[in-house]
Amino acid sequence: MKCVLIASENAEVLFYWADLDFEQSIREQYGALQEEGVKPMAFEDSINTLFAPIIISCSTMIDRICDNYTSFSTENNHVYVLQQFEECLYIGVCGDGEENEEDLKRKIYVLKKLIEIHYGMVTLSSSLLRKELRPHDRDQRNHLWRKFQSLLGTYSHLKEQDQSFLVEAVERLIHPTLCEQCIEFLERRLVQQINSSTERAGEEVLHAFILVHTKLLAFYSSRNASTLTSSDLLALILMVQNQFPSNSDLEDMSPEDIENNSAPDVFYTPEPSPTSKDSGPSGAEQDYTPVFQFVDPDIQMAEDSLQTLEVPPPDPSMPSRVFLEVTSKDGFCPMMPHSMYCLTLWPGITLVLLTKVPNSQLATSVYFFLDSFSQLERRLNEVQDGTSVSRSQHSLHDLRNKLDKFIRALSSSDIQLQNAWAEFKSKVFSRSGPGVSRELLPCCKNMKTCLCGVYRHYFLVETTRSSQRLSSSLQERAQQSVQEKLLDWKDFLLVKSKRNITMEFPGLIHFMYVDRTAGQMIAPSINVTDRSTSELGKGPLAHFVKNKVWSFVEMARRYLQKGYTTVTLRDGDYYLCYFLWFENETGYKLEVLDPPTLRDYSAPIGMLASDYYRKLLRYYSKSHNAEVVKCYELLSVHLGVIPTEYILQHCCQLARKLWEPSRIPLLPTYDFSLCRSKAVGRPYKEGASRVNCRGPHFTRESHLSQ
């Protein structure tokens with residue numbers, strides 16, 4: 001009983017995703033209201049009818065008291081979470097108790113991130129975003145919605161099964177030698193050859209990386225490229241997994257199992273005797289043999305449930321347009337257009353190329369002007385009615401010169417932008433105009449919409465019409481060259497992705513180590529299928545430990561939200577620890593400051609759903625302006641019989657050991673000879689405490705038995 005919805009301020013559904021139980025409930029509810037002989041209401045209309053009162057209520061609250069709901073629950077135990085972004089309302093619903101408010105809020109923020117990746121700065125204009133999310137053509141709209149429904153389904157699956165999406169950090173495949181060789185190959189053979197080719201159609205490869213399932217084997221960025229943020233990279237991995245899903249069950253099976261389970265039982269019956277009615281059949285009909293297939297009802301139900309998520313396979317040579325954060329010498333742009341090419345090397349192993357598209361510098365200019373008008377809007381909202389603001393305070397003359405040049409450089413077809421700019425100038429710079437006052441607010445909004453329209457025209461509309469891309473032959477040569485490089489490593493990589501790192505500490509059951517500055521993590525595998533074996537064994541034991549880890553990550557986030565950086569918990573036969581600490585660039589452990597306490601309606605903690613850790617680093621760096629600050633997390637699960645002093649020793653040794661001996665350090669080295677603990681901040685609280693230490697450290701005072 002789950003549903004996610006995006007609605008406009010006019011109570012119009014822009015997108016929805018619903019599971020089978022929710023769909024069946026809606027059809028039963030509104031099907032019973034239909035009069036006999038009347039055509040049943042379309043499901044999209046039923047969804048609109050169901051949520052219209054909630055949407056209208058939210059709009060009314062915003063208009064009347066400038067406030068809104070964040071969540072509520074109903075008498076039948078349905079939980080609703082609401083989030084307003086600009087003029088679009090996101091609603092998440094759960095009626096089966098499998099997801100709480102935090103889960104629904106995280107799913108909403110992930111959906112928002114995926115829409116930004118696909119549409120860029122068009123998301124800043126609700127009217128233009130409506131055109132993209134709700135095309136007039138019903139078939140086109142259904143195809144688009146199935147695409148995002150499939151992405152949400154893939155995210156939900158990865159969040160429940162993959163540790164990297166649980167903690168929202170990129171997991172590296174640990175093999176220093178092969179990693180270094182692949183990076184060198186991507187640089188000297190692949191990227192240079194593509195960028196020097198005449199078949200690249202004006203595009204330039206900025207980033208190239210190789211994925212083994214969801215794990216990153218190698219990543220290369222050209223010298224002209226900006227750093228790819230961890231949030232964007234994780235979203236791209238999600239898109240690749242959605243396009244080429246990993247069939248883990250088949251990979252874990254032996255060839256005999258695959259052969260035995262590849263098809264349902266098929267029984268042939270003799271051809272029935274012809275009747276006088278069909279005494280003259282054609283030859284093709286005479287050769288026809290009826291076939292009856294007996295399929296497991298559960299399998300058939302699963303196949304039926306997936307039909308709603310089916311998306312026609314895209315053209316392999318056609319890239320996807322994605323919008324990523326870029327900081328370059330030309331300026332900052334949070335949504336710079338790129339082309340993404342996904343080339344399958346083998347099932348489970350993918351080569352991804354990110355290219356710079358022609359005229360991409362236009363996006364930087366559009367963002368500069370959008371930001372300028374947003375700042376002007378904020379200033380005007382602070383001004384009282386009847387008063388004006390000095391023009392020099394907003395550098396409007398400088399904005400006028402730059403925007404005049406920008407419009408002249410565009411084609412003469414951008415009439416709407418020219419008219420909007422002419423109206424704005426007549427009100428600001430004309431003697432008869434009102435000047436810089438609140439009367440400019442509608443003009444500012446109109447200018448922002450027109451600028452987003454220019455952005456949409458060049459990077460979304462023209463993209464669908466243009467065939468400009470890397471040639472198919474160039475893509476095939478790139479694919480073949482990487483296949484030749486990794487041919488001898490293929491099977492090893494697939495196995496390595498299942499058992500990335502082993503543990504050597506007695507009593508240590510599991511750990512997860514996250515470098516929040518780089519957005520990378522490392523952890524032993526947890527395989528819960530009966531056919532695969534991991535460090536935890538297989539089957540029920542691995543499933544039990546997995547549930548412990550998943551629930552403890554959720555608990556650690558709740559305490560971090562309250563301002564705690566250390567959590568220790570005795571849970572039955574297990575001892576669970578969580579640490580967050582900071583270091584400078586040389587590896588010296590910095591004193592832990594009290595992180596800011598977040599409100600319940602704040603964005604969820606993470607890197608894909610939000611930029612919490614980037615804000616945390618920025619907050620902590622204010623007191624360390626002269627040095628680079630780095631942030632790390634460590635989560636460990638020990639047997640409860642292990643003495644606490646050994647648990648601390650394991651955590652220290654584990655952090656010291658997680659260092660890749662190559663020129664590309666995955667994780668930092670540690671010196672725990674200076675480790676000291678000191679309880680600071682609030683008094684001891686149930687299950688958590690604040691500590692001031694250099695590196696992870698366990699304190700007896702923060703101990704809770706369950």
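Residues numbered from 1 in each chain as written. Predicted model: local features only at pLDDT ≥ 70, side-chain atom pairs only at ≥ 80, totals over all residues. Heavy atoms only, no water.

Student: Tell me about the pairing of strand E8 (residues 215-221), and name the residues and values.
Tutor: Of all seven residues in E8, six are buried; the element is thus mostly enclosed. In the sheet, strand E7 (residues 204-212) pairs with E8 via six bridges, with the strands oriented antiparallel. Bridge pairing in E8 links Leu211 to Leu216. Taking the residues that link successive antiparallel strands as the turn, the E7-E8 hairpin has two residues, and the phi of His213 there is positive, at about 60 degrees. (Buried < 20%, exposed > 50% of the residue type's maximum accessible area, 1.4 Å probe, protein only. Helix = DSSP H or I, 4+ residues; strand = E, 2+ residues; numbered from the N terminus. Pairing = 2+ DSSP bridges.)

Student: Go over the confidence of the model for the protein chain with me, naming the residues and quoting the values.
Tutor: Per-residue confidence for the protein chain averages 80 on the pLDDT scale, and 77% of its residues sit at or above 70. For the protein chain, strand E20 (residues 688-689) is the element with the lowest average pLDDT, namely 38, and helix H8 (residues 230-243) is the one with the highest, namely 96. With pLDDT under 50 throughout, residues 660-695 is counted as low confidence; its partners more than four residues away or in other chains account for 102 contacts. (pLDDT = per-residue confidence, 0-100. Contact = heavy atoms within 4.5 Å.)

Student: Could you give an account of the nonpolar core, with specific residues and numbers?
Tutor: The nonpolar side chains of soluble globular proteins are, as a tendency, buried together. Counting residues in hydrophobic clusters, the biggest one holds 115 residues, and the most contacted among them are Phe51, Ile91, Phe406 and Phe424. Looking at this core element by element, the count peaks at 11 residues for helix H16 (residues 441-465). Those residues in contact with Phe406 that lie beyond four places of it in its chain are Leu362, Ser365, Val366, Phe369, Leu417 and Leu451. With 38 residues, the next largest nonpolar core counts Val549, Leu560, Tyr564 and Phe582 among its residues. (Core = buried A, V, L, I, M, F, W, Y, C linked by side-chain atoms within 4.5 Å.)

Student: Hey, could you go over the pairing of strand E17 (residues 574-584) for me, with residue numbers and the actual values?
Tutor: Counting buried positions along E17 gives 11 out of 11 residues, so the element sits mostly inside the fold. Here E17 shows a buried face lined by Tyr574, Leu576, Tyr578, Leu580, Phe582 and Asn584 and a second buried face lined by Tyr575, Cys577, Phe579, Trp581 and Glu583. With six bridges connecting them, strand E16 (residues 566-571) and E17 associate as antiparallel partners. From the neighbouring strand, Arg570 faces E17, where its bridge partner is Tyr575. Where E16 hands over to E17, the hairpin turn is made up of two residues, of which Gly572 adopts a positive phi near 65 degrees. Of the pairings in the sheet, the one linking E17 to strand E19 (residues 629-639) comprises 11 bridges and is antiparallel in character. Bridging from a neighbouring strand, Leu576 pairs with Val637 of E19. Two strands pair when backbone bridges link them, and E17 and strand E18 (residues 589-590) are joined in this way by two bridges, in the antiparallel orientation. Each residue of the ladder has a partner; that of Phe582, found in E18, is Leu590. Joining the antiparallel neighbours E17 and E18 is a turn of four residues, in which Gly587 adopts a positive phi near 95 degrees.

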